[in-house]
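In case you want the letters, here they are:
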Amino acid sequence: MEIGSWIWKLSYIIHVLSNAISIGLFFVFTFAKEEMLKEEISKRYLKIAGIFITGTGLTGILLLSILSMSGMDDLTANPMGQSVIVMIIGYILVLFVYSLALIYKGGEARLYKKFFATMFYTYLIVYIIRVYLTN
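Residues numbered from 1 in each chain as written. Predicted model: local features only at pLDDT ≥ 70, side-chain atom pairs only at ≥ 80, totals over all residues. Heavy atoms only, no water.

Caption draft 1: Quick peek at helix H4 (residues 109-134). Given a rise of 1.5 Å per residue, 26 residues ought to cover 38 Å, and the 37 Å separating the end C-alpha atoms of H4 matches this to within 8%. Considered for burial, the residues of H4 that qualify are Ala 109, Tyr 112, Phe 115, Phe 116, Ala 117, Met 119, Phe 120, Thr 122, Tyr 123, Val 126 and Leu 133. Where H4 is buried, its residues meet helix H1 (2-30), helix H2 (39-69) and helix H3 (79-103). (Helix = DSSP H or I, 4+ residues; strand = E, 2+ residues; numbered from the N terminus. Expected span 1.5 Å × (residues − 1). Buried < 20%, exposed > 50% of the residue type's maximum accessible area, 1.4 Å probe, protein only. Contact = heavy atoms within 4.5 Å.)

Caption draft 2: Local environment of the packing of aromatic side chains. Enumeration over the complete set of coordinates arrives at 12 aromatic pairs. Ring plane angle 45° and centroid distance 6.1 Å describe the contact between Phe 26 and Phe 116, whose orientation is recorded as tilted. Linking Phe 26 in helix H1 with Phe 116 in helix H4, this pair joins segments that are 90 residues apart in sequence. By relative accessible area, which is 1% here, Phe 116 ends up buried. Judged by centre distance (5.1 Å) and plane angle (50°), the ring pair of Phe 29 and Tyr 45 falls under tilted. Here the residue Phe 29 occupies a position in helix H1, and Tyr 45 occupies one in helix H2, the gap between them amounting to 16 residues. Look at Tyr 45 and you get partly exposed, because its relative accessible area is 28%. Geometry around Trp 6 places Lys 9 over its ring, the cationic atom sitting 5.6 Å from the centre. (Phe/Tyr/Trp six-rings, centres within 6.5 Å; stacked < 30°, edge-to-face > 60°. Lys NZ or Arg CZ within 6 Å of the ring centre and 35° of its normal.)

Next comes the structure, spelled out in structure tokens:
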């Protein structure tokens, strides 16, 4: 059981750090000036954000699988499970918008700003709902 607790703690630390770095990147680019939102700069930081979004997803899956081993069958039965559902929906939305931002080839700063803003506000809303549900 000692190994399981270390896996949980390490996964949780990586998950929280990945989320924090992702939301920080999205925050900076949401409120950035036009010259920072050029296509080459935006694409570079989107690739960096992709590393942390992937880290968030992988550790989230690991944390959810560890959480479900302790008997969490119905996610809608308690507030913790409901917050997990909200986090999954938010992650899927962020992943979708991130994919659109990677595919976009226009180079228009206004659209990149909207992509980053959508991802930032999704993270923000998910965390507000999570705090509301778990407290």
